[in-house]
Amino acid sequence: THDKPCRPHIAVVAFPMGSHVHTLFTIAKALALAAPAATVSFITSASSVASPPPSPIANLRLVPALEVSSAGTPGEQLSKFVRAMPGNLRAGLEEAVSREDGLRVSCIVSDGMMPELGEVAREMGAVWVVDGCAPVMAVSLLHAYELREAFGSAVDDARGITPKPLCFNSSNCNLLSFSEELVSFVPSLSSLRVRDIPDFIFPPTHDHLIAGTIKEYPKAAAVVFNTFQGLEPLIDADLTSMLTKYLPIGPTKLLTPRAETEAEADRLCIPWLDRQRAASVVYVSFGTFNAPSQRGLVELARGLEASGHPYLWSIKPEMLPKGFVVGGGGRGLVVDWAPQERVLGHPAVGAFLTHCGWNSVMEGISGGVPMVCWPFRWDQMANARTVSRVHGIGVTLEEGGDVAEGGIAKALKTVMEEEEGAAMRARVKMLKARAEEAVAPGGSSSENFKTLLDIVCG
Ligand code: UDP
């Protein structure tokens with residue numbers, strides 16, 4: 001609990017899609033618990049409000065006021081939502097105020113995908129704090145014009161190149177997939193190859209996000225990140241120099257006491273894990289938006305079977321390859337949602353096959369579990385590169401070849417059975433210890449969270 005009395009109205013606004021809702025809800029919970037005298041309104045859409053569990057915290061209110069059209073594909077719904085900003089966001093904030101009998105919003109904590117809220121916060125006279133999503137995403141957005149100038153024409157040229165025959169990952173794979181050149185002219189991105197640069201930097205469809213980020217992030221009172229000081233020192237230095245206040249407060253899931261929920265998924269997964277040997281299980285999840293193609297899924301199912309290890313696979317049942325029979329000999333458990341943080345903290349889990357969404361990477365580190373990375377798009381290629389090359393805590397499956405030619409079983413063997421894998425495990429355990437130190441009393445994330453409280457409490 002914070003020392004000073006804090007009675008503001010903090011509006012936490014989540015981009016109403018996928019993991020963004022979970023991330024912002026984690027921050028909202030942490031703020032509500034640490035500042036019991038504050039009112040925290042969590043604003044998102046009605047369709048996404050079911051994903052965080054209903055709040056048992058007295059000063060945390062759910063405000064499902066953002067409008068998301070249910071017509072069209074998820075991509076179309078998303079573009080429509082983006083086009084309707086910031087009007088939709090203003091309406092959400094007004095709803096939060098009216099639910100609190102006119103108590104004005106004194107602080108907006110919002111998702112990095114909505115830089116439009118900077119202007120709205122100024123209009124309302126509210127302090128504005130941003131959740132910057134993955135650190136590499138923020139750095140890439142802030143350097144987007146330099147990256148475009150350096151590599152934009154290469155992207156245009158690459159559009160004409162025939163994709164690799166086995167390229168079944170992402171829309172990005174026929175663009176920059178060929179360039180091994182390092183991005184050495186931006187120090188904070190210098191461990192990345194050109195092909196790892198987040199793919200939203202180049203197409204004009206994300207111009208509003210790039211322009212908004214460059215214009216607004218430096219004006220925010222603080223930008224928080226789900227990372228910890230020292231995990232990526234060059235990124236720390238770059239963001240410190242570009243922002244008013246760079247606040248790494250992660251791993252954010254460690255900020256709030258873990259709810260020992262009795263959700264259906266927990267009742268299924270945890271007792272099953274309890275029956276497995278230590279470090280023997282492969283946990284597979286591709287997050288909230290992504291999945292391999294049918295062909296990739298078939299390779300994955302084969303790879304899991306061939307690895308001989310028990311596996312826990314989080315996937316919507318309708319996406320499983322046709323005819324796939326789960327877990328020969330009872331070695332597999334397939335669920336449509338897993339309590340991922342608890343799973344990764346379970347001693348039975350020996351490897352995490354992940355798409356490398358940043359939250360998943362942080363949860364892998366917090367659990368001390370080495371990773372097999374299968375990135376698809378956005379910042380995932382960059383995160384996979386960081387996992388495998390910068391930290392040496394996993395291996396990355398390259399598009400096409402590796403995935404198809406027995407590469408999944410081979411990667412799992414490396415991580416689970418070989419000396420190289422043991423070294424990865426030792427390194428990720430060291431990072432886990434550093435993450436725990438960061439969130440412990442007096443640790444860097446814990447101190448940064450106190451600074452955040454000072455800022456949001458005004
Ligand atoms: N997640 C989960 N159970 C699942 C699948 C995903 O709890 O079965 C959570 C996971 O813990 C993580 C989030 O969903 O916090 C996914 O976020 P990430 O940034 O890794 O990927 P995204 O969904 O944004 O691509």
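Everything below is about the structure printed above this text.
Residues numbered from 1 in each chain as written. Predicted model: local features only at pLDDT ≥ 70, side-chain atom pairs only at ≥ 80, totals over all residues. Heavy atoms only, no water.

S.K.: Just give me the short version of the sheet that holds strand S9 (residues 311-314), but keep the residues and values in it.
M.R.: Taken in spatial order, the six strands make up an open sheet running S10-S9-S8-S11-S12-S13, and their pairing is parallel. If you trace the sheet from one side to the other, it starts and ends with strand S10 (332-335) and strand S13 (394-396), each paired once. Between one strand axis and the next, the sheet turns by 15 degrees as a mean value, whatever way the strands run. Pairing between S9 and S10: four bridges, direction parallel. The partner of Leu312 across the bridge, within S10, is Leu333. Contacts between helix H10 (residues 294-307) and the sheet are confined to strand S8 (281-285), S9 and strand S11 (349-354), with S9 contributing the most and set at about 160 degrees to the helix. (Pairing = 2+ DSSP bridges. Helix = DSSP H or I, 4+ residues; strand = E, 2+ residues; numbered from the N terminus. Axes fitted to C-alpha atoms, helices over the stretch in contact; angles between N-to-C directions. Contact = heavy atoms within 4.5 Å.)

S.K.: Could you give an account of the site of the ligand, with specific residues and numbers?
M.R.: With respect to spatial proximity, 17 residues lie near the ligand, and among them Ser19, Thr288, Ser314, Ser360 and Glu363 are the closest. Here a nitrogen atom of the ligand and a backbone polar atom of Ala338 are 2.6 Å apart. Asn359 is positioned such that a nitrogen or oxygen atom in its side chain is 2.9 Å from an oxygen atom of the ligand. Relative to its free-state accessible area of 540 Å², the ligand is covered by the protein chains to the extent of 93%. The element contributing the most residues to the shell around the ligand is helix H12 (residues 358-367), with four residues. Its residues placed into classes, the shell around the ligand shows four nonpolar, eleven polar and two charged. (Near = heavy atom within 4 Å. Polar contact = N/O pair within 3.5 Å; in protein donor to acceptor, adjacent residues only side chain to side chain. Areas by Shrake-Rupley, 256 points an atom, 1.4 Å probe, with all protein chains shown as cover. Nonpolar A, V, L, I, M, F, W, Y, C, P; charged D, E, K, R; others polar.)

S.K.: Please set out the packing of H12 against helix H15 (residues 419-439) residue by residue, giving values where relevant.
M.R.: Two elements in contact, H12 and H15, have axes separated by 7 Å at closest approach and are oriented at 95 degrees. As summarised for this structure, H12 and H15 are arranged roughly perpendicular, according to the angle between their axes. For the pair H12 and H15, contact is made by Gly364, Ile365, Ser366 and Gly367 and by Val428, Lys429, Leu431 and Lys432, respectively. Counted by class, the contact of H12 with H15 contains three nonpolar, three polar and two charged residues. (Parallel < 35°, antiparallel > 145°, perpendicular 65-115°, else oblique.)

S.K.: Kindly report on the packing of aromatic side chains, identifying the contributing residues and their values.
M.R.: For any two aromatic rings, the description comes down to two numbers: the centre-to-centre distance and the angle of the planes. Tallied over the entire structure, the rule returns nine aromatic pairs. With a centroid separation of 5.6 Å and 85 degrees between ring planes, the pair formed by Phe286 and Trp374 is classed as edge-to-face. Of this pair, Phe286 sits in the loop between S8 and H10 while Trp374 sits in the loop between strand S12 (371-373) and helix H13 (380-390), placing them 88 residues apart in sequence. Relative accessible area serves as the criterion here: at 4%, Phe286 is assigned to the buried category. Relative to Phe376, the ring of Trp374 lies with its centre 5.8 Å away and its plane at 20 degrees, an arrangement referred to as stacked. Given a relative accessible area of 0%, Trp374 falls into the buried group. When its relative accessible area of 0% is taken as the criterion, Phe376 is described as buried. (Phe/Tyr/Trp six-rings, centres within 6.5 Å; stacked < 30°, edge-to-face > 60°. Buried < 20%, exposed > 50% of the residue type's maximum accessible area, 1.4 Å probe, protein only.)

S.K.: Can you explain the sheet that holds strand S7 (residues 246-248)? Please cite residues and give values.
M.R.: Strand order in the open sheet made by the seven strands is S3-S2-S1-S4-S5-S6-S7, with parallel pairing throughout. Strands with a single pairing partner mark the edges of an open sheet, and in this sheet they are strand S3 (60-66) and S7. Within this sheet the neighbouring strands show an average axis-to-axis angle of 25 degrees, counted without direction. Pairing geometry for strand S6 (residues 222-225) and S7, over three bridges, is parallel. Residue Phe225 lies in a different strand from S7, and its bridge partner there is Pro248. Where helix H4 (residues 117-124) meets the sheet, its contacts fall on strand S1 (9-13), strand S4 (107-111) and strand S5 (127-131), and the angle it forms with S4 comes to roughly 175 degrees.

S.K.: Go over helix H2 (residues 74-83) with me, naming the residues and quoting the values.
M.R.: Among the residues making up H2, those that are buried are Gln77, Phe81 and Val82. Buried residues in H2, looked at end-on, bunch into an arc of 135 degrees, giving them a common side. Looking at the packing, one finds that the buried side of H2 touches S3, helix H3 (87-99) and helix H7 (207-216). (Arc of directions from axis to C-beta.)

S.K.: Tell me about unusual backbone geometry, residues and numbers included.
M.R.: At the junction of Met85 and Pro86, the peptide bond is cis and its omega measures out at 0 degrees in the coordinates. A cis geometry characterises the amide bond from Gly250 onward to Pro251, with omega recorded as -5 degrees. Counting through the fold element by element, Pro251 comes out in the loop between S7 and helix H9 (264-274). A positive phi is found at Asp101, a non-glycine position, where the angle reads about 55 degrees. Relative to the helices and strands, Asp101 resides in the loop between H3 and S4.

S.K.: Explain the pattern of salt bridges residue by residue, including any values.
M.R.: A complete count under the given rule lists 15 salt bridges for this structure. Linking Asp207 and Arg148 is a salt bridge whose minimum nitrogen-to-oxygen distance equals 2.8 Å. Separated by 59 residues along the polypeptide, Asp207 in helix H7 and Arg148 in helix H6 (residues 144-158) bring together distant segments of the chain. Given the relative accessible area of 34%, Asp207 is considered partly exposed. Residue Arg148 is classed as partly exposed on the basis of its relative accessible area, which comes to 21%. With a closest N to O distance of 3.3 Å, Lys450 and Glu447 form a salt bridge. Placement of both Lys450 and Glu447 in helix H16 (residues 444-457) is noted, with a separation of three residues, approximately one turn of the helix. What you see here is one network of salt bridges that share partners, running through Glu119, Arg122, Lys215 and Glu216. (Salt bridge = Lys/Arg side-chain N within 4 Å of Asp/Glu carboxyl O.)

S.K.: With reference to specific residues and values, describe empty space enclosed by the protein.
M.R.: For the coordinates displayed, the defined rule picks out two cavities of 30 Å³ or more. If you add up the space inside the largest cavity, you get close to 50 Å³. Forming the walls of the largest cavity are Asn226, Pro251, Thr252, Lys253, Leu254, Glu341, Asn359, Met362, Glu363 and Ser366. Broken down by element, the residue count for the lining of the largest cavity peaks at four residues, all from H12. In this structure, the second largest cavity spans a volume of roughly 40 Å³. Around the second largest cavity sit Gly112, Met113, Gly132, Cys133, Met137, Ala138, Leu141, Leu209 and Tyr217, which together line it. (1 Å grid on protein atoms, 1.4 Å probe; cavity = no way out; pocket = protein on both sides within 12 Å on 5 of 7 lines; lining within 4 Å. Points joined across faces, edges and corners; volume = space filled by probe spheres on them.)

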